[in-house]
Structure formats: structure tokens, C-alpha cells
Amino acid sequence: MASVNYFWRHTLPIQSSPLPKYNSHLKRRRLTNFLSLNIKCQTRLEDSIQVGKDRLQKVPILNIRNFSIIAHIDHGKSTLADKLLQMTGTVEIREMKDQFLDNMDLERERGITIKLQAARMRYMYKNKPYCLNLIDTPGHVDFSYEVSRSLAACEGALLVVDASQGVEAQTLANVYLALENNLEIIPVLNKIDLPGSDPARVANEIEEVVGLDCSNAIHCSAKEGIGILEILDAIVEKVPPPQDTAERPFRALIFDSYYDPYRGVIVYFRVIDGTVKKGDRILFMASRKDYFADEIGVLSPNQMQVDELYAGEVGYISASIRSVADARVGDTITHYSRKAEASLPGYKEATPMVFCGLFPVEADQFPDFRDALEKLQLNDAALKFEPESSSAMGFGFRCGFLGLLHMEIVQERLEREYNLTLITTAPSVVYRVNCVNGDTVECSNPSLLPEAGQRGSIEEPLVKIEMLTPKDYIGPLMELSQDRRGEFKEMKYIAENRASLIYELPLAEMVGDFFDQMKSRSKGYASLEYSFIG
Ligand SMILES: Nc1nc2c(ncn2[C@@H]2O[C@H](COP(=O)(O)OP(=O)(O)OP(=O)(O)O)[C@@H](O)[C@H]2O)c(=O)[nH]1
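Here's what I pulled together on the structure shown here. Remember, it's a predicted structure, so these values are computed and weren't measured experimentally.

The rules we used
- Residues numbered from 1 in each chain as written.
- Predicted model: local features only at pLDDT ≥ 70, side-chain atom pairs only at ≥ 80, totals over all residues.
- Core = buried A, V, L, I, M, F, W, Y, C linked by C-beta atoms within 7 Å.
- Buried ≥ 20, exposed ≤ 12 C-beta atoms within 10 Å, placed from the backbone.
- Helix = DSSP H or I, 4+ residues; strand = E, 2+ residues; numbered from the N terminus.
- Contact = placed C-beta atoms within 7 Å.
- Pairing = 2+ DSSP bridges.
- Axes fitted to C-alpha atoms, helices over the stretch in contact; angles between N-to-C directions.
- Parallel < 35°, antiparallel > 145°, perpendicular 65-115°, else oblique.
- Left-handed = near helix turned anticlockwise from the far one by under 90°.
- Nonpolar A, V, L, I, M, F, W, Y, C, P; charged D, E, K, R; others polar.

1. Quick look at the nonpolar core
Phase 1 of the analysis: If you look at the biggest cluster of nonpolar residues, it comprises 142 residues, and the most contacted ones within it are Ala157, Leu158, Leu159, Val188, Leu189 and Phe269.
Phase 2 of the analysis: Looking at which element gives the most residues to this core, the answer is strand β9 (residues 264-273), with 7 residues.
Phase 3 of the analysis: The contacts of Leu189, once residues within four sequence positions are left out, are Val161, Ala163, Pro199, Val202, Ala203, Ala217, Ile218, His219 and Cys220.

2. Focus: the sheet that holds strand β4 (residues 128-135)
Phase 1 of the analysis: Judged by pairing direction, the sheet is mixed, and its 6 strands sit side by side in the order β3-β4-β2-β5-β6-β7 without closing on themselves. Edge positions in the sheet fall to β3 (118-125) and β7 (218-219), since each has one partner strand and no second.
Phase 2 of the analysis: In terms of strand pairing, strand β6 (residues 184-190) meets β7 through 2 bridges, oriented parallel. Across the sheet, residue Val188 finds its bridge partner in β7, namely Ile218.

3. Observations concerning the packing of helix α10 (residues 474-483) against helix α12 (residues 514-521)
Phase 1 of the analysis: At a minimum axis distance of 9 Å, the contact between α10 and α12 shows a crossing angle of 160 degrees. What the angle tells us is that α10 and α12 run roughly antiparallel. As for the relative orientation of α10 and α12, their crossing is right-handed in sense. Residues Pro476, Leu477 and Leu480 of α10 pack against Gln517, Met518 and Arg521 of α12.
Phase 2 of the analysis: In terms of residue class, the contact of α10 with α12 is built from 4 nonpolar, 1 polar and 1 charged.

4. Side note on the pairing of strand β20 (residues 394-401)
Phase 1 of the analysis: Burial runs high along β20: 6 of the 8 residues are buried.
Phase 2 of the analysis: In terms of strand pairing, strand β18 (residues 354-360) meets β20 through 5 bridges, oriented antiparallel. Bridge pairing in β20 links Leu358 to Phe397.
Phase 3 of the analysis: By the bridge criterion, 7 bridges tie strand β19 (residues 384-390) to β20 in an arrangement that is antiparallel. Of the residues in β20, the one forming a bridge with Glu386 is Arg398.

Structure follows, in C-alpha cells:
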């Protein structure tokens, strides 16, 4: 297993934790009511559908805009993305599936975005054609590295906040990521159609917490189609175009990849410098693997082949790549013969944070289980596993995941897509044991723990958590954090009635029922974000 390089502190012996219940996100999406588009927009909608058909045509680099949408779960990111695709004629209404960008079955069922995707749109602004590339981002902390890479591929971001709710912890974490990447942020106050919405209060909250000028924040209802054209205009006016570096050696940033059983890995990337053509020999700088680009194209949002992509553009490559491990998110693609001098900054290997044992219920399913894990790993470079046997449960695998949601997704995919029935052990974290003889052992499994006499001390990983809560629940949440061995760091009021609480907490406590407890003690009002310390 990969080594873990985050902050540790000395601790008590390992305790196992109960299985988390993260199913509160499970929900079915409602079909968007397309007829609710208001009449004013209807004529521009018809015009833009015509324009949308020309979306493969090149535009000058000054007319390209690459942007992303930052939003808390349920604040309306997918609904807004749908409307942007409709209004630009990228997807015709009759072929529109609800939340087009979330196309993995599991995602659609859970109503959350796990893997990111992209969509190229064509938009007429002051009689000039613009190419707008929307790069979608996953909405959960387990995938925050992918979020950071997709933001690195953009020059701007829409910050979508539900005007009936306000800023949530997760929104903040992603806004900070966007600010680190120097993105131009456009505030959008969504759901203004709801009677309980209060755009003025929420605009104040954003100004207070994020320090962003909200005097021109766009008031929008993604559901009713209000404010969508203003958003498209603002993207053109405010997001800077990419730099014109088409003459430099080719460099592209991978922000997503997935495994297609017929074509191999499909890599989604943003061209940062230079150009790439169909048939070029390309090199992945971190994995040092080279391939011929059999097919290149753009996502609009379906894959559409083109011959060449230039600096500033977003697209995909298919090159008969066998495993996603060869083309990881964050890696740089360059030309094999005219290499770029340096790779793009920010590449990181995925490090598993949460572990559990998975065992087939029927012992004779073990070979199928091993095959299934190997296949899944082709599609998910972050999944780690090694064989494990237990006297009670027989042969299985100890698996490492990015976090709790990633763990749940893998379990569900194994059961659903590969027809396996699995027993799962309680999730645990990796501990570091400093032995008396000076050795250091990393243990993801209690059975690997050195003998009592050999153990000097044990350290465990920590996370920093930030909870945003109405002020009535500050007391119960502080009590919860303290009960779970949390160390108080900071508390501040972000609005008259809402506070932010920051604690450092052992990861082992997070993989238990902390999230459920936080929700129940705050009657569902508090939100939580965590990051690994290190
Ligand atoms: N009333 C109202 N409801 C909206 C609006 N925009 C989105 N919704 C609803 O809010 C819910 C969540 O919207 P989504 O678009 O799925 O939110 P999301 O941010 O993409 O959620 P994740 O994919 O889970 O991150 C859905 O039931 C939408 O129909 C709006 O402007 N007004």
C-alpha cells in the first residue's frame, strides 16, 4: 500500500468503528419541467439552438472561456448546467436527459456528482461566436483532488449558492480552491423562485465569508430558466480568455479519465500549450507511458471527433490505453518527440485514507471477486487492494479508498455491476506504529500490529473539520466534537445567526457515525467539510 504522508498524533490502541450511513444523499431527481422556460427566453433559445449546431467550428482563442461551477450538494449545479446546455442549443430539449452531466448510473440515483465531465457550448454575444467550455466538478471531499485539477483547467467559476439556504461548508472549501487557482468567480444566487429565498441576506453572507463583491450577483432560478442568459453574458464578459501559447511545445492537463471496455481509457484534458493532432505520438509525463492518439475530439457533451486541438481548448483522447493508472488525473500529456521541458504543477498520487476488508459470502465467488476488483481498478486508479484471509470469513481483500463515499461507491459497484454478494468489515484508518527497535510500521489492519512488547507508540491520522451551523446548535456540536476526541481550533460568526466551528479530529472518529450525529444534533441544519492535515 502507498505510504501516507499526513499529520499524525500519538494515540490509544486501535478501535474499530461502526459502518457509516451516508445514504442521506440518496434521492431520485425529478424531471426538469422544460416547459417552464419563460417566454422572453424562448426566442433567444431558438436562435441559440441554431448556433449550437456550429459548435465544432473554431473560434479565436480570445473568444474561448473555460469555466466550472462551484456549489454545495443540492444547490442546483446540475439543473443550472442542464439549462446552460439547453440555452446554447448544445443539447436539444427532446434529447435532454435530466442532469446530463451526471451520466454514471450510481450518480444519477444518488443525485450527486462523482466523476466530472465537460461540455463545449457555442454562444453568440454581441454578434460574435464564443466557445464556452463547462468543466463539471465532483461535489464531495473524497474527490477534492479531482476538483482542484478541474479548477486548474479553468479561468473562471460560477459560485452557485441556494438563496433560500446560504453558504455551506463545502462551498467554502471549493471557493478557496478556486481562489488558489486565481479563478475569476461569478456569484450566482439560485432558487429565487422559492418563497423562502432571501438573495440579499445570502449575498451579504457571501461577501462576509468569502470576501467577494456581490453587488452584481446574478439572481437566478435554474429550475424556471430565470437569469440563465445573464449568466452566459457574465461568463463572456468576466472570465478571462486562455493565454495564446499555441506555439509552445504541447502540454495538456488531465482532469478526468475513464475506462471504456472497447476503446481503452478515454482521457479528458485541457490543452495548456501547443497543439495536438490525431495520430500524434503522445507521452504521459508522470507515468512515462507513450501512445498514439487514435482519436481526438471535444465533449459537447457527447464525444465528437475533431482533427486538432489548440491551446485553450478542452477535449478527449482515445489511444488504446489499457489502464487509467497510465493516464491519471493531474498528469501532463506532451508530444513524444517534442517534449515540454516541465510538467504542469499539482500532480499527486492518490493516497488511500480509509480501509476495509471485503469478503465474498460464497467462497467460490473469490476468483470472480478478484477479477472484478482488477477490472474496477482499470477504471479507478485510486482503488487499492491486497489479499487478506480471515479464519471466520475466508479469503478476501483489504481495500483502500479515498474516503467513505468512495468506499460506498466501490462496494455498490461490485455488488451491482459484478453480481457479487460481499461481507464488509467496519472501516478503519491506517495507523503508524513506532517500534522500540526504531522501525516504523504502517498498519491498515489490526492483524499487522507488532507484538505488544515491540510497540513504542502508535500514531493516527487527523483531519481538520469545519462545520457551518445556525447558532442554536453550537453547544451540541461542540459537545459532539469533544466527545469524539476533537481539539477545538476556532469559532467565528459568518452571519448574525450562523457560525463556523473548526476542530481537529482523528480520522478514525470521522469514519464512524460523526456525520450522522452532526446532522441529528443540528436537526439537519449543519454542514460539514473536512480535509486531511498535512
Ligand atoms: N425551486 C427550485 N428548485 C431548484 C432550482 N434549481 C435546482 N432546484 C432543485 O434542487 C434540487 C437539487 O438540484 P441539483 O441540480 O440536483 O443540485 P446539485 O447541486 O447538482 O446537486 P449534486 O449533484 O448532488 O451536487 C433538485 O430537486 C432541483 O430540481 C431552482 O432554481 N428553484
